[in-house]
Every structure is written in C-alpha cells, then in structure tokens.
Amino acid sequence: MNPLWLSHFTATSSIGRGLQQTLSALREEHGGLVPCAFDTVDLPTFVGEVTGVDAVALPAPLAAFDCRNNRLALLGLTQDGFTEAVAAASQKYGAHRIGIFIGTSTSGILQTELAYRRLDPFTGAFPPDFAYRTTHNTFSVADFTRHHLALAGPAVVVSSACSSSAKVFASARRMMAAGLIDAAVVGGVDSLCLTTLYGFNSLGLTSSQACRPFDVERDGISIGEAAAFALLEPLPEHLDDDAVLLLGFGESSDAHHMSSPHPEGLGARMAMQDALAMAGLDAADIDYINLHGTATPSNDAAETRAVAALFGPATPCSSTKGATGHALGAAGGLEAVICALALQHGLMPAGLNTQALDPALPLNYLLHNVEQPVRRVLSNSFGFGGTNCSLVFGRAG
C-alpha cells in the first residue's frame, strides 16, 4: 500500500495528558496504575484512571453530549494542538473531505449506569435529562468529535472490543484509497464504567494488583481509560526524517471463542502476516513489537506462540499495559501513539511490573527501556471473539 502520514497525533491516559507527559512517563518507567477508587466500585483491583475528567466542561452548544466518555474525548482532543491541526487540514482539504474513525467498546455506558440510580420510583422511567443518543450510544463519540472539530465528512465508530481503535486505521485507509475522503481523524476513546470493571471481574480476568504481562505469576488485567487521536494524510512532497508513517495493517477474525483467544494464536499470526505483507516487509525488518499483552494467562501464551512462529525469540517486544492499563477500545490507538513516540525518540519502552518472565514464553521481553534507533515497529491489538488487528509503523528517515 502507499504509506500514510501521521501528521499529528496525541494521547491522554493514566500516564499523562499529551505527548510530553506520556513520553516522560515512558522514559522514567513510570506507570499510572492505582488501587481502584472509581465511583462506587468495591473491587480489589487496580485501574488506569485519567485524572480530572469529571472537571472537563463541554461547550454549551455540545452540552447534550455530556458524559464521561465525551469529556475524556475533549480532554484528548485539546492536547498537543490537535484540534488546531485538524482545523488547518480542514482549510486544506475541505471539511467534507476529512473522515472521522473512532474506536470504542463501552462508549458512554456510565451515563446509563448513573441514570439507573435516578429511575422514577413510580413509573420506572429514566430521568428526563438522560439522552441515550448523544451519550451511551456507541456512535456518540464520533458524533461529538465531528461537531467539536467542525467536520462534515463520513463519521464511523468501530466497536470490535479491544481491537477497535487499531482497526480504525484500516477503515480510514480503505476510504481514502476509494477516493471518498482525502484525510482522516482516527483514534480511540474508552472510559471507566461499572459494567467493564464488574464484568471483567465476573469473568475472573482482573488482577488484584497492577497487571504483570508475561510474568510467570500473571493473573489478569488492569482496566484503564484513554483518548488517543491521529491525523492521517497522504505523503507530502517533502517529509522530515522523524515523520511517522502507517506502512501496513492486517486484520483477521478467528472466531475461536467468545472471550478466549485461539490457543495457538492463529488469528493473531494471520493479522501480523498480512500487516507485514502489506508493508512489503519481512519479520526481520521489525525493530520492536508492542504486544497486546493483557497479562491474562491464556492471552499472553497465545500471543507468544503467534509472535514466536513469525519472529522467533529475538525481536525486542513489550506490553505497555503494565503502565497504562488495558484501555479496551482505546488501547490500539493509545499504543499506536506510543509506537510513534518510540520511532521518533529511539525508545523501546519497558514492560512495567513484570518481575519474573514466564519461562514457557520464549520472547525477548524488555524489562527495562532500550534506547536505540527504531525504524519499523509492529503493534498488536486483539479483541474478544477473535477480532485481531496488527499495524506496522515506520520512521520516514
């Protein structure tokens, strides 16, 4: 495929607001996971909560969109001059020629959870100020983003569990290749809610401590939240050496089980193979892999088998979920931005919290940062139901 340029990007998560804070946390090997004190949740688990989300005020014309997910989206959109960069692109291409592609899993479901606490005691009706369409509705975050950025092109939400905001890169590229749009805002937004915290706990998938991907004693995930965005544009005539490019993507659906990965990582391997093929690269061309790495026993084992089958045991890799938590539908977008920072700053980030690597998982897993030039990276995002997506990014220089 013809590469696409990530002309601007930004991320907000539990390790920081915007690129500078995110990069500093990665360099300092500082994580954002803390014991869960979210809302009324009473569970022995850790979360990656973004501070200050409740203090965000939506502009009056967009008040109908008010919910935690859209407040988090606005917090993310206003970092690193991203909104201004999209405005400049709108002047260049036209507002109707820029598409919006956002990944989310639970969207504004917290708003419905809060509304249930205020049901009419006699009729059971929701409170009159509850607006499902602009809050809980999965499309809400794309609709809000479109209004905030004053764009008029196609707006799409991808909700394929934890691969959602990786798959948006593929969706945007296809629409650009079809000539329907000239540029795209892609990203992911997912916020904490009771449904995911209690739901993953009921599946026995949450850890009682900060998650430990690929550790011999790993026992589950730490749920996080994040908002991450990138502006995709065609390659300009001249590029800086540190420009970040989308080189390829691979998608698969192995449909092995509703919530468990294929034990041999079949779909994951297919996604990685297709991403490499689209980028015109061999496995040896990849300098670093950002693993999906949720810290559940089955997920890490299946991903290891898939990675080892393609790359062998030598390629440096890590899961940054030990720092940020698992941001679910926003994880792919957040980790795409982390990969972009890795390319620009020559940083392969450590997998935090992991103390003793599982000897049954033959990977070159980074327990500490490695600083050296990084030219090509691969990022994995795998979701429930076997919805898999791998992305290949490269540095222009």
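Structure: above.
Predicted model only: the values in this text are computed from it and were never measured.

Chemist: Could you clarify how one ought to interpret the environment of R71 in this entry?
Modeler: Tracing the backbone shows R71 in helix α2 (residues 68–77). Look at R71 and you get buried, because its relative accessible area is 11%. C-alpha separation for the pair R71 and E251, spaced 180 residues apart in sequence, amounts to 30 Å. Residues in contact with R71, not counting those within four places in the same chain, are V53, D54, V56, L58 and D66. At 3.4 Å, the side chain of R71 and the side chain of D54 are in polar contact.

Chemist: For this particular structure, what's the right way to read the nonpolar core?
Modeler: Proteins that are soluble and globular tend to have nonpolar side chains buried together. Residues L6, F9, F169, V186 and F393 are the most contacted members of the largest nonpolar core, which totals 51 residues. In terms of residue count, helix α11 (residues 331–345) provides more of this core than any other element does, nine residues in total. When neighbours within four sequence positions are excluded, F9 is seen to be in contact with L19, D80, F82, F229, A230, V244, V337, A340, L341 and Q344. Core analysis: the next-biggest nonpolar cluster, separate from the first, contains 30 residues, F65, A89, V141 and L149 among them.

Chemist: Which parts of the structure should I look at to understand the sheet that holds strand β3 (residues 34–35)?
Modeler: For sheets, the rule is that strands pair by backbone hydrogen bonds, running either parallel or antiparallel. In spatial order, the strands read β3-β4-β8; together these three strands make up an open sheet with mixed pairing. The open sheet terminates on both sides in strands that have one partner only, identified here as β3 and β8 (223–224). Across two bridges, the pairing between β3 and strand β4 (residues 46–48) is antiparallel. Note on β4: the bridge partner recorded for P35 is F46.

Chemist: I keep staring at the side chain of D215 and nothing clicks. Help me out?
Modeler: Assignment of secondary structure puts D215 in the loop between α7 (194–202) and β8. A distance of 2.8 Å separates a polar atom in the side chain of D215 from the backbone nitrogen of E217. Residue contacts for D215: discarding those within four places in its chain leaves N353, T354, Q355, A356, L357 and D358.

Chemist: Can you walk me through unusual backbone geometry in this structure?
Modeler: Positive phi is not limited to glycine here, since E29 has a value of about 55 degrees. Note that E29 resides in the loop between α1 (18–27) and β3.

Chemist: Would you mind going over the packing of aromatic side chains with me for this structure?
Modeler: The relation between two aromatic rings is expressed through the spacing of the ring centres and the mutual angle of the planes. Evaluated as defined, the whole model comprises six aromatic pairs. Ring plane angle 75 degrees and centroid distance 5.0 Å describe the contact between Y116 and F126, whose orientation is recorded as edge-to-face. With a gap of 10 residues between them, Y116 in helix α4 (residues 109–116) and F126 in the loop between α4 and α5 (140–149) connect regions that are remote in the sequence. Of the aromatic side chains, those joined through ring pairs into one cluster are Y116, F126 and F130.

Chemist: Is there a simple way to think about α1 in this case?
Modeler: Think of an α-helix as turning once every 3.6 residues; residues three or four places apart then point the same way. Every buried residue belonging to α1 is among G18, L19, T22, L23, A25 and L26, and all of these are buried. The buried residues of α1 occupy an angular sector of 160 degrees when the element is viewed end-on, so they sit on one face. For α1, the secondary structure elements touched by its buried residues are β1 (4–13), β2 (16–17), α11 and β13 (347–348). Taken from the residues just after α1, E29 is the one with a positive phi, measuring 55 degrees.

Chemist: How should the pairing of strand β16 (residues 376–383) be read in this particular structure?
Modeler: With seven of eight residues buried, β16 lies mostly within the body of the structure. By the bridge criterion, three bridges tie strand β11 (residues 288–290) to β16 in an arrangement that is parallel. Of the residues in β16, the one forming a bridge with I289 is L378. Taken together, the eight bridges between β16 and strand β17 (residues 387–395) define a ladder with antiparallel strand orientation. Bridging from a neighbouring strand, F382 pairs with N388 of β17.

Conventions we followed
- Residues numbered from 1 in each chain as written.
- Predicted model: local features only at pLDDT ≥ 70, side-chain atom pairs only at ≥ 80, totals over all residues.
- Heavy atoms only, no water.
- Helix = DSSP H or I, 4+ residues; strand = E, 2+ residues; numbered from the N terminus.
- Buried < 20%, exposed > 50% of the residue type's maximum accessible area, 1.4 Å probe, protein only.
- Contact = heavy atoms within 4.5 Å.
- Polar contact = N/O pair within 3.5 Å; in protein donor to acceptor, adjacent residues only side chain to side chain.
- Core = buried A, V, L, I, M, F, W, Y, C linked by side-chain atoms within 4.5 Å.
- Pairing = 2+ DSSP bridges.
- Phe/Tyr/Trp six-rings, centres within 6.5 Å; stacked < 30°, edge-to-face > 60°.
- Arc of directions from axis to C-beta.

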